[in-house]
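Residues per chain are reported as follows:
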Amino acid sequence: MIEFTSTPIILTILLGAVGVILPVISIIRKERGSSLYGGIAFGALIAAICFVAYQILSKHIMPAAIFSKNVLVDDTFGSFFAIAMLLVSIMTTVGSFNYMRGRSNTAVYYSLILLASIGMVLIAYSTDLVMLFVAWELMSIPTYVLAGFNKKDPSSNEAAIKYFLFGALSSGIIIYGISIAYGLTGSTNIGDVISGFSKLGPDMMPLALLAVGMFIAGFGFKIGLVPFHMWLPDTYEGSPPTIAGLLAAGTKKAGFAAALRVIIMGTIALNVDWAFALGIIAIVTMTVGNLAAIMQKNLTRMLAYSSIAHAGYILIGLSVAPFSQIGIQASLFHILNHAVMKAAAFIAAAGIITTLAVSHIDKLRGLGKRMPITSLGLVISLLALAGVPPLNGFWSKLMLFGAAINAGSVAPWAPYLAVAGVLNSALSLAYYGWIIRKMYFEEGESDKRVKEPKSIIAVMIFSIIFMVGIGVYPDPIIEFAKSAVPNLSALSTIH
Amino acid sequence: MANGAQHMVDSIFLAVSVLTIGSAIAALEIRSLIYGSIALMITLSGIAGFFLLLDAPFVAMFQLSVYVGSIAVLILFTVMLVRRELIFNKIEDSRRRYAGIGLMIIIMLGIGTIIIGSGLKTMETNTQTIDYRKIGEDFLTYYSPALIVMALILSSSVIGALALAKREDVTNEQRTD
């Protein structure tokens with residue numbers, strides 16, 4: 001049984017208690033649109049991230065583990081994702097201060113963000129399929145509500161219902177995969193399942209592969225892999241823009257955490273060539289995402305398609321993981337970077353929507369003069385997303401493509417992933433550049449500077465420092481990502 | 001197992017399957033919410049039947065008491081209490097409908113072929129009867145963090161449902177009064 005002083009349990013208790021108490025306080029105070037609840041949620045999240053950082057720095061956690069005897073493991077892999085997820089939650093919370101002012105149900109809004117954060121964090125710490133599924137649901141259910149939070153806006157309703165239906169379908173597929181895995185091995189512990197899989201006779205092997213396929217499809221829905229991405233643009237566009245940031249930067253990355261825990265370990269243990277299939281999905285996902293993004297006229301919808309494309313880039317690292325030492329490390333590095341870049345871009349969009357009530361790209365003309373700090377934050381995040389040096393996105397893309405080339409000696413198809421990635425990055429620069437041109441090089445209807453929301457400015461300044469800082473000096477994060485990669489050679493011992 | 005008993009189990013399995021899947025389709029297709037929720041109740045009871053066939057009376061009992069006994073009854077109550085006129089326009093797109101049915105058949109055939117083609121038929125099962133005390137023990141030791149998280153899922157569902165269901169126009173009216 002896991003100790004009650006371990007990081008995941010403390011985080012659950014801390015964020016869970018605050019998350020449940022917030023609505024109760026709001027019932028007692030009866031005040032609408034107060035920023036007090038946002039403040040409390042922000043405090044809890046800061047305490048949580050400081051605790052994780054303290055645990056990492058004081059070496060109270062285990063090195064990255066693949067298996068454990070418990071449902072949760074307090075390791076570096078989980079802590080890496082906890083830092084990334086909590087960063088996104090903090091950015092979303094602060095970015096929402098202005099967005100939520102004067103709206104109803106503020107306490108519920110922040111409470112649901114906290115509860116969803118627990119789910120996202122626990123997915124990364126899970127080493128048991130039941131625990132993983134329960135954490136998955138804790139992440140999903142609050143975000144279904146958050147996507148439909150603008151109750152009177154039909155597009156928000158549409159976003160929520162689409163997200164809910166596809167989310168329910170993906171949960172169903174995952175639970176089907178879990179039931180097959182349990183039926184074959186008699187255990188729900190990921191370690192036991194994988195070692196059970198490796199001992200299966202050849203006549204049972206198709207069922208194990210079916211289970212892994214179910215996991216790929218189930219997690220693929222949340223990650224937004226093509227062909228499981230249909231719901232994603234409508235949901236991200238219709239949700240409140242701050243929540244779209246949480247979905248794109250947070251829940252999507254938690255999906256990758258689950259995929260790393262289950263699929264990659266499963267495929268390596270099963271010794272099958274899922275890697276090639278994942279490589280093809282990676283190429284299709286990034287190409288479809290980028291091609292569709294070029295055609296968009298709406299900023300949030302364009303960012304939604306760009307996040308599909310980025311799921312493809314991250315998948316490069318996962319697909320070459322069996323052949324290259326730096327595959328998973330590069331994916332983890334890009335996951336952290338993309339979490340901050342995408343959250344910053346969506347929160348900039350939220351700032352623009354709340355201040356000027358526009359999201360159409362043509363209406364962004366002259367924005368550089370009207371909202372200089374938000375524009376600067378948006379530009380830097382877009383350039384970082386495109387992978388322009390010396391920003392953080394450049395280094396993680398370089399590592400991803402490097403890993404693909406590195407794997408070429410074992411898997412001859414792998415370098416083509418790098419070629420596709422570079423071509424796609426160039427393609428993405430076209431639509432990012434188009435937004436930048438509109439904001440800075442075209443005259444708008446008015447040059448008058450408007451008052452930018454303070455909370456958005458705070459998020460922008462933080463993310464600019466992060467993106468430029470990591471771009472100039474990426475070593476600590478690369479080292480952190482390296483320490484978070486589980487030792488894959490341990491898998492070969494179970495054969 | 002004797003051949004006759006096997007045939008008996010097979011025919012019960014088929015009957016329960018037809019009942020469960022038929023009522024599930026009915027629950028989706030019937031326009032009346034009340035009949036739809038009654039059909040859902042039959043589906044949920046059918047699933048309890050599967051658990052009984054699988055020698056898991058404990059789970060079957062839970063399925064009946066939790067799903068049929070409380071959740072389905074709760075849905076029925078809700079349906080009776082809220083406005084019953086249809087608030088949605090029915091937009092039918094028959095091509096999508098057939099595409100959906102076609103996709104479902106392909107997926108079912110695919111999964112069916114894998115399961116039937118695998119060695120599952122030859123698998124010998126000699127499981128002992130389940131010790132309920134062991135289940136309880138596991139819940140309080142190994143799965144205890146999952147239980148905590150389950151509590152949080154329930155509270156987040158309640159919080160979210162309350163926020164979504166709250167009618168804001170009513171509070172506004174009271175304010176202007």
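To keep things clear, this report deals only with the structure shown in the data block. (Residues numbered from 1 in each chain as written. Chains lettered and ligands numbered in written order. Predicted model: local features only at pLDDT ≥ 70, side-chain atom pairs only at ≥ 80, totals over all residues.)

**Points about the overall build of chain A**
Across its full length, chain A holds 20 helices and 0 strands. Against the compact-globule benchmark of 23 Å for 495 residues, chain A has a radius of gyration of 21 Å, which places it among compact chains. Counting across all 495 residues of chain A, residues that qualify as buried make up 62%. Partitioning the contacts of chain A with sequence separation of at least 6, the portion at a separation of at least 24 is 79%. (Helix = DSSP H or I, 4+ residues; strand = E, 2+ residues; numbered from the N terminus. Rg over C-alpha atoms; globule rule 2.2 N^0.38 Å. Buried ≥ 20, exposed ≤ 12 C-beta atoms within 10 Å, placed from the backbone. Contact = placed C-beta atoms within 7 Å.)

**Observations concerning the environment of Leu33 of chain B**
In this fold, Leu33 of chain B is placed in helix H2 (residues 33-53). C-beta crowding within 10 Å serves as the criterion here: with 16 such atoms nearby, Leu33 of chain B is assigned to the partly exposed category.

**So, the nonpolar core**
Judged by nonpolar contacts, the single largest core of 198 residues is most densely connected at Val121, Ile123 and Leu138 of chain A. The biggest single contributor to this core is helix H13 (residues 327-356) of chain A, with 18 residues. Once you skip the residues sitting within four places of it in the chain, Leu138 of chain A turns out to touch Leu115, Ile118, Gly119 and Leu122 of chain A together with Val149, Leu152, Ile153 and Ser156 of chain B. Among the nonpolar cores identified, the runner-up in size contains 5 residues, and Ala39, Met41, Leu44 and Ala48 of chain B belong to it. (Core = buried A, V, L, I, M, F, W, Y, C linked by C-beta atoms within 7 Å.)

**Quick word on the packing of helix H15 (residues 372-386) of chain A against helix H17 (residues 414-441) of chain A**
Residue and element names in this part refer to chain A. With their axes 9 Å apart at the nearest point, H15 and H17 run at an angle of 170 degrees to one another. Classed by the angle they form, the pair H15 and H17 counts as roughly antiparallel. In this structure, H15 crosses over H17, and the sense of that crossing is left-handed. Along its contact with H15, which presents Ser375, Val379, Leu382, Leu383, Leu385 and Ala386, the element H17 presents Ser425, Ser428, Leu429, Tyr432, Ile435, Ile436 and Met439. Taken together, the residues of the contact of H15 with H17 sort by class into 10 nonpolar, 3 polar and no charged. (Axes fitted to C-alpha atoms, helices over the stretch in contact; angles between N-to-C directions. Parallel < 35°, antiparallel > 145°, perpendicular 65-115°, else oblique. Left-handed = near helix turned anticlockwise from the far one by under 90°. Nonpolar A, V, L, I, M, F, W, Y, C, P; charged D, E, K, R; others polar.)

**Section: helix H6 (residues 154-185) of chain A**
With 32 residues, H6 of chain A extends 46 Å from end C-alpha to end C-alpha; this agrees with the ideal 46 Å at 1.5 Å per step. Once H6 of chain A ends, the next one or two residues include Gly186 of chain A, with phi positive near 75 degrees. (Expected span 1.5 Å × (residues − 1).)

**As for unusual backbone geometry**
A cis geometry characterises the amide bond from Val226 of chain A onward to Pro227 of chain A, with omega recorded as 10 degrees. Mapped onto the secondary structure, Pro227 of chain A falls in the loop between helix H8 (205-223) and helix H9 (232-238).

**Things to note about the packing of helix H5 (residues 129-147) of chain A against H6 of chain A**
All names here are of chain A. Orientation of H5 relative to H6, taken along the N-to-C sense of each, is 175 degrees, at an axis distance of 10 Å. Relative to H6, H5 is oriented roughly antiparallel. Side by side, H5 and H6 meet where Leu129, Phe133, Trp136, Glu137, Ser140, Tyr144 and Ala147 of the first sit next to Ala159, Ala160, Tyr163, Phe164, Gly167, Ser171, Ile174, Ile175, Ile178 and Ala181 of the second. A breakdown of the residues in the contact of H5 with H6 according to their chemical character gives 13 nonpolar, 3 polar and 1 charged.

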